[in-house]
Amino acid sequence: MSVALNATEEYRLLKDAIRNRKAIPQISLRYPGMTLEEGYEIQRVGLEERFQEGAVLSGYKMGLTSLAKQRDVNVHEPIRGYLLKEMEVGLGEQLAFEKLIHPRVEPEVAVILQSELKGPSLQFRDVEKAVESILPAVELLDSRFEAFQFRLPDVVADNTSACGYLLGTKDLRQVKEDLRLLGVVVKKNGVVIETGAPAAVLGHPFHSVIGLVQALYKEGKRLLPGMVVLTGGITASVPIEKGDTVEMMWPMETLRIR
Ligand code: OOG
Ligand code: MG
């Protein structure tokens, strides 16, 4: 029989990794039988602690909703994590590299809600009606695990590598085209290194929102007006270091990260 892990203790190690800016070994190396539920329990303990420290929830993120991302980290199942207000990076703001371990950025579609979403049997049109805006976004990832390597329960415990996010300003619905087909071009230091389209995310990013709401429902939670949902990386993520510039070009605006 495997030994049960202590979620509070495991969260402590993740927190130390952030504070010391030093990655730690994967939890599942010490607990080979670690389950997905244990991963979510560690994530839950972490969120609870953050609340006690005064952090404010700004929304949620879905991860590994595209094939490109699943291949990127060799984990093949969608996962979810939480977003805090303090994670938001302003447009034009420099990344705080001195606090990061091995950051990566990825292009995403963010959905901002104007009304709540809940329930086990949400339909596509329910999401459509609840949306306030659909914005191009960048997620900043920074795994707390060595070599950015992990298994499914590890990355869930680590709040799905969440670290920051940046929102664009132009609602993608202003482009009179099918959202699924809008292109995003990712350049690093002037060189195109990734290209993609929102269709990469479960066929349409709204399916990611539906999956999230269904998972939250099982925990008695819902999405509230004003919340941000990051629907998942469209392409593989791009490592970024001090001195690099990453540009994500969408039809109406380019998001620049440095
Ligand atoms: C895991 C988080 C995945 C996404 O958008 O797919 C994620 C990782 O890649 O470190 O945020
Ligand atoms: Mg992401």
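Bear in mind the structure is a predicted one, so any value in this text is a computation, not a measurement. (Residues numbered from 1 in each chain as written. Chains lettered and ligands numbered in written order. Predicted model: local features only at pLDDT ≥ 70, side-chain atom pairs only at ≥ 80, totals over all residues. Heavy atoms only, no water.)

## Side note on the overall build of the protein chain
- Counting its secondary structure elements, the protein chain contains 7 helices and 11 strands.
- A compact globule built from 258 residues would reach a C-alpha radius of gyration of about 18 Å, and the protein chain, at 17 Å, matches this within 12%.
- Counting only C-alpha atoms, the protein chain reaches 55 × 45 × 35 Å along its principal axes.
- Taking all 258 residues of the protein chain together, the buried fraction comes to 53%.
- Here the protein chain has roughly 11,900 Å² of accessible surface; of this, 51% comes from carbon and sulfur atoms.
- Charge separation in the protein chain, taken as the distance between the mean sites of 32 positive and 35 negative side-chain charges, equals 2 Å. (Helix = DSSP H or I, 4+ residues; strand = E, 2+ residues; numbered from the N terminus. Rg over C-alpha atoms; globule rule 2.2 N^0.38 Å. Buried < 20%, exposed > 50% of the residue type's maximum accessible area, 1.4 Å probe, protein only. Areas by Shrake-Rupley, 256 points an atom, 1.4 Å probe, with all protein chains shown as cover. Lys, Arg positive; Asp, Glu negative; His and termini not counted. Charge placed at Lys NZ, Arg CZ, Asp CG, Glu CD.)

## Considering the coordination of the magnesium ion (ligand 2)
- The magnesium ion (ligand 2) binds to the protein through Glu106 (OE), Glu108 (OE) and Glu139 (OE), with metal-donor distances spanning 2.0 to 2.1 Å.
- Of note, the donors binding the magnesium ion (ligand 2) are all from one chain and are spaced E-x1-E-x30-E. In terms of burial, glutamate 106 and glutamate 108 fall into one category: buried. (Donors = N, O, S within 2.8 Å, 3.2 Å for Na, K, Ca; no water.)

## A closer look at the packing of aromatic side chains
- In the structure shown here, the tally under the stated rule is 2 aromatic pairs.
- Note on phenylalanine 124 and phenylalanine 206: the rings are 5.2 Å apart at their centroids and 45 degrees apart in plane angle, and the pair reads as tilted. Here phenylalanine 124 is found in helix H5 (residues 124–130), whereas its partner phenylalanine 206 is found in helix H7 (residues 205–218), with 82 residues between them in sequence.
- On the basis of an interplanar angle of 55 degrees and a centroid distance of 6.3 Å, the ring pair of phenylalanine 148 and phenylalanine 150 is categorised as tilted.
- In this structure phenylalanine 150 comes out as buried when scored by relative accessible area, which is 8%.
- Taking NZ or CZ as reference, arginine 80 lies 4.2 Å from the ring centre of tyrosine 40, over its face. (Phe/Tyr/Trp six-rings, centres within 6.5 Å; stacked < 30°, edge-to-face > 60°. Lys NZ or Arg CZ within 6 Å of the ring centre and 35° of its normal.)

## Remarks on helix H1 (residues 7–20)
- With 14 residues, H1 extends 20 Å from end C-alpha to end C-alpha; this agrees with the ideal 20 Å at 1.5 Å per step.
- Along H1, the residues classified as buried are Ala7, Glu10, Tyr11, Leu14 and Ala17. An end-on view of H1 places all buried positions within 110 degrees of arc, on one side of the element.
- Packing partners of the buried residues in H1 comprise helix H2 (27–30), helix H3 (36–52) and helix H6 (152–157).
- Just downstream of H1, arginine 21 is the residue with a positive phi angle, here 55 degrees. (Expected span 1.5 Å × (residues − 1). Arc of directions from axis to C-beta. Contact = heavy atoms within 4.5 Å.)

## So, empty space enclosed by the protein
- Using the criterion set out here, one finds 2 cavities of 30 Å³ or more in the structure.
- Taken together, 18 residues make up the lining of the largest cavity; nearest its centre are Lys61, Leu64, Lys69, Leu141 and Thr160.
- Of all the elements in the fold, those that place two or more residues in the lining of the largest cavity are strand S1 (57–63), helix H4 (67–73), strand S3 (104–113) and strand S4 (131–141).
- The residue inventory of the lining of the largest cavity, partitioned by class, reads 8 nonpolar, 5 polar and 5 charged.
- The volume enclosed by the second largest cavity comes to roughly 40 Å³.
- What lines the second largest cavity is simply Val89, Leu95, Val105, Val138, Leu140, Gly164, Tyr165, Leu166 and Ile257.
- Of all the secondary-structure elements, those providing two or more residues to the lining of the second largest cavity are S4 and strand S5 (162–167).
- Grouping the constituent residues of the lining of the second largest cavity by class yields 8 nonpolar, 1 polar and no charged. (1 Å grid on protein atoms, 1.4 Å probe; cavity = no way out; pocket = protein on both sides within 12 Å on 5 of 7 lines; lining within 4 Å. Points joined across faces, edges and corners; volume = space filled by probe spheres on them. Nonpolar A, V, L, I, M, F, W, Y, C, P; charged D, E, K, R; others polar.)

## Section: the packing of H1 against H3
- Across the interface, H1 lies against H3 with an axial gap of 9 Å and an inter-helix angle of 70 degrees. In terms of axis orientation, H1 runs roughly perpendicular to H3. Handedness of the H1/H3 crossing: right-handed. Together, Ala7, Thr8, Glu10, Tyr11, Arg12, Leu14 and Lys15 of H1 and Glu41, Ile42, Val45, Gly46, Glu49 and Arg50 of H3 make up the contact between the two elements. (Axes fitted to C-alpha atoms, helices over the stretch in contact; angles between N-to-C directions. Parallel < 35°, antiparallel > 145°, perpendicular 65-115°, else oblique. Left-handed = near helix turned anticlockwise from the far one by under 90°.)

## Focus on the site of ligand 1
- Ligand 1 sits among 17 residues. The nearest are Leu64, Lys69, Glu106, Ser161 and Gly233.
- Lysine 61 places a polar side-chain atom, nitrogen or oxygen, 2.8 Å from an oxygen atom of ligand 1.
- Residue leucine 64 places a main-chain N or O atom 2.7 Å away from an oxygen atom belonging to ligand 1.
- Contact with the protein chains removes 100% of the 320 Å² of surface that ligand 1 exposes when unbound.
- Among the detected pockets, ligand 1 sits in the largest cavity.
- Elements supplying a minimum of two residues to the shell around ligand 1: S1, H4, S3 and S4.
- For the shell around ligand 1, the element with the highest residue contribution is S1, accounting for 3 residues.
- Broken down by class, the residue content of the shell around ligand 1 amounts to 7 nonpolar, 5 polar and 5 charged. (Near = heavy atom within 4 Å. Polar contact = N/O pair within 3.5 Å; in protein donor to acceptor, adjacent residues only side chain to side chain. Sits in = over half its atoms within 2 Å of the grid points.)

Limitation: the analysis is restricted to geometry and does not speak to function.
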